[in-house]
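So the chains spell out like this:
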Amino acid sequence: MTEAILLVGGKGTRLRPLTVHTPKPMVPAAGVPFLTHQLARARAAGVEHIVLATSYLAEVFEPYFGDGSALGLHLEYVTEEEPLGTGGAIRNVASRLHSGPEDPILIFNGDILTGLDIRALIRTHETTGADVSLHLTKVTDPRAYGLVPTDDTGRVTAFLEKPQTPEEIVTDQINAGAYVFRRSVIDTIPAGRPVSVERETFPDLLSAGAHLQGMVDSTYWLDLGTPAAFVRGSADLVLGRAPSPAVPGRCGDRLVLPTARVAPDAKLTGGTVVGEGAFVAEGARVFGSTILPGAVIEPGAIITDSLIGTRARVGERSVLTGTVIGDGAVIGADNELRDGARVWCDARIPAGAVRFSPDL
């Protein structure tokens, strides 16, 4: 198998304000756009040609990755004029594939960080003679996901909506967002209209008697759809918990990009990333957080499990926990922001304006 389709068209609304100016796959994780990690892992598994199905802010992908030669890949880009859903996006790029009707095509989503053994998924597809093979993972609480039960041979028996009652939880297996399609199956997806591969394509194939094979791989898996998950994923890449050949440095407690500046007495731990041109001042403490390029962390600030946007500024002694600061925003001194707070791009919070405790 040498070809893949990468679905990168989503708007990333759950990640706003991070995705106001940047599509989700291009938000930096462990120092490089998240998409870089996915491309590098596909290349390591033997993929040579990848078609990117783009839509939202489609114009930013090609200037960064070009033809893919720097990664040892041949990249092509197809932009949807109107969002077509996962199935529609796959069908929309089919003309760019070179494989024959029986050849396997790898398809993966642009917002999943995973340690999936891609070669094993391809082997499963080929040895079982499946029409489509799905990467499945087990979760402790499947209520937020659609369920994918399989028989003793791993063949998929149903696609079930999110369970509403305990009785409906018949398996802990969920769709993990990576597939191998027989090339000819892609051509059966309706063209020119929105199609959900999860809600329409897979159930229809199953009803028609197609062979859908599941492969459970319970290595690292994380949906980066929320700010908290994205920050955690970046930290896990730096710490070495999530595998990637694209981390630009040795795995460890922190990753400081070459042009970043960090004061000698600043403390960076927990997989923290400090991006190009960013500055962390004296006495600052940053744990498990991502500081994007050009951001400034002023003296004595304490930042935990947070993401600080490009060219944003966090004032002296401010305390941020589980927050997202948009590009260009300024947090004045002596503020306290807690879990779930999102400060929009270019916003200004005056000194001492937001507090959760009577005294810092």
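Residues numbered from 1 in each chain as written. Predicted model: local features only at pLDDT ≥ 70, side-chain atom pairs only at ≥ 80, totals over all residues. Heavy atoms only, no water.

Trainee: What is the right way to read the side chain of T86 from this model?
Mentor: Relative to the elements of secondary structure, T86 occurs in helix α3 (residues 85-92). Within the structure, the side chain of T86 is placed 2.9 Å from the backbone nitrogen of V197, a separation counted as a polar contact. Sequence-distant contacts of T86, that is, excluding residues within four places in its chain, are made with L7, N109, V195, S196, V197 and E198. (Helix = DSSP H or I, 4+ residues; strand = E, 2+ residues; numbered from the N terminus. Polar contact = N/O pair within 3.5 Å; in protein donor to acceptor, adjacent residues only side chain to side chain. Contact = heavy atoms within 4.5 Å.)

Trainee: I tried to follow empty space enclosed by the protein on my own but got confused; where do I start?
Mentor: Left-over empty space is what a probe sized like a water molecule reveals as it rolls over the atoms. Within this structure, the stated rule accounts for 1 cavity of 30 Å³ or more. In this structure, the largest cavity encloses a volume near 180 Å³. Every residue lining the largest cavity is counted, 18 residues in all, and those nearest its centre are Q38, R41, F108, I112 and T114. Going through the elements one at a time, α1 (34-44), β6 (104-109), β7 (112-114) and β9 (173-182) are the ones with two or more residues in the lining of the largest cavity. The dominant element in the lining of the largest cavity, judged by the number of residues it contributes, is α1, at 5 residues. The residue inventory of the lining of the largest cavity, partitioned by class, reads 11 nonpolar, 6 polar and 1 charged. (1 Å grid on protein atoms, 1.4 Å probe; cavity = no way out; pocket = protein on both sides within 12 Å on 5 of 7 lines; lining within 4 Å. Points joined across faces, edges and corners; volume = space filled by probe spheres on them. Nonpolar A, V, L, I, M, F, W, Y, C, P; charged D, E, K, R; others polar.)

Trainee: Help me understand the nonpolar core in this model?
Mentor: Across soluble globular proteins, nonpolar side chains have a tendency to be buried as a group. If you look at the biggest cluster of nonpolar residues, it comprises 29 residues, and the most contacted ones within it are F181 and F202. Listed by contribution, the elements that provide at least two residues to this core are β1 (3-7), β4 (49-54), α3, β6, β8 (132-138), β9, α5 (183-186) and α6 (197-207). Ignoring sequence-local partners within four residues, the contact set of F181 consists of D103, P104, I105, I107, H125, D131, V132, I186, I189, V197 and F202. The next biggest cluster of nonpolar side chains, apart from the first, holds 26 residues, and it includes A45, F61, Y77 and I122. (Core = buried A, V, L, I, M, F, W, Y, C linked by side-chain atoms within 4.5 Å. Buried < 20%, exposed > 50% of the residue type's maximum accessible area, 1.4 Å probe, protein only.)

Trainee: Would you take a moment to explain α6 for this structure?
Mentor: Three- or four-residue spacings in an α-helix give side chains the same orientation, since the helix completes a turn every 3.6 residues. Looking only at α6, the buried set comprises V197, T201, F202 and L205. Down the axis, α6 shows its buried residues gathered within 85 degrees of arc, on one side only. Exposed side of α6, more than 90 degrees from the buried face: R199 and S207 are the residues found there. Residue G209 follows α6 closely and has a positive phi angle near 90 degrees. (Arc of directions from axis to C-beta.)

Trainee: Honestly, the UniProt feature "domain: Mannose-1-phosphate guanyltransferase C-terminal" (unreviewed entry) in the chain in this entry has me stumped. Any pointers?
Mentor: UniProt's entry tags residues 252-332 with the feature "domain: Mannose-1-phosphate guanyltransferase C-terminal" (unreviewed entry), counted in the numbering of this structure. End-to-end, the C-alpha atoms of residues 252-332 are 31 Å apart, and along that stretch the chain is 0% helix and 42% strand. (UniProt positions renumbered as here; feature names shortened; annotations may be inferred.)

Trainee: Whenever I open this one, the layout of surface pockets confuses me. Can you help?
Mentor: Volume-wise, the largest pocket comes out at about 1,500 Å³. Elements with a minimum of two residues in the lining of the largest pocket: α3, β9, α6 and β11 (221-223). The element best represented in the lining of the largest pocket is β9, accounting for 5 residues. Taken together, the residues that form the lining of the largest pocket break down as 21 nonpolar, 14 polar and 10 charged.

Trainee: Sorry, what's going on with the packing of α3 against α6 here?
Mentor: Pairs of packed helices are described in terms of their axes, by the angle between the two and the distance that separates them. It is at 7 Å that the axes of α3 and α6 come closest, and there the two elements cross at 70 degrees. Classified by the angle between their axes, α3 and α6 sit roughly perpendicular to one another. Contacts between α3 and α6 involve T86, G87 and I90 from the first element and V197, E198 and T201 from the second. Of the residues in the contact of α3 with α6, the class split is 2 nonpolar, 3 polar and 1 charged. (Axes fitted to C-alpha atoms, helices over the stretch in contact; angles between N-to-C directions. Parallel < 35°, antiparallel > 145°, perpendicular 65-115°, else oblique.)

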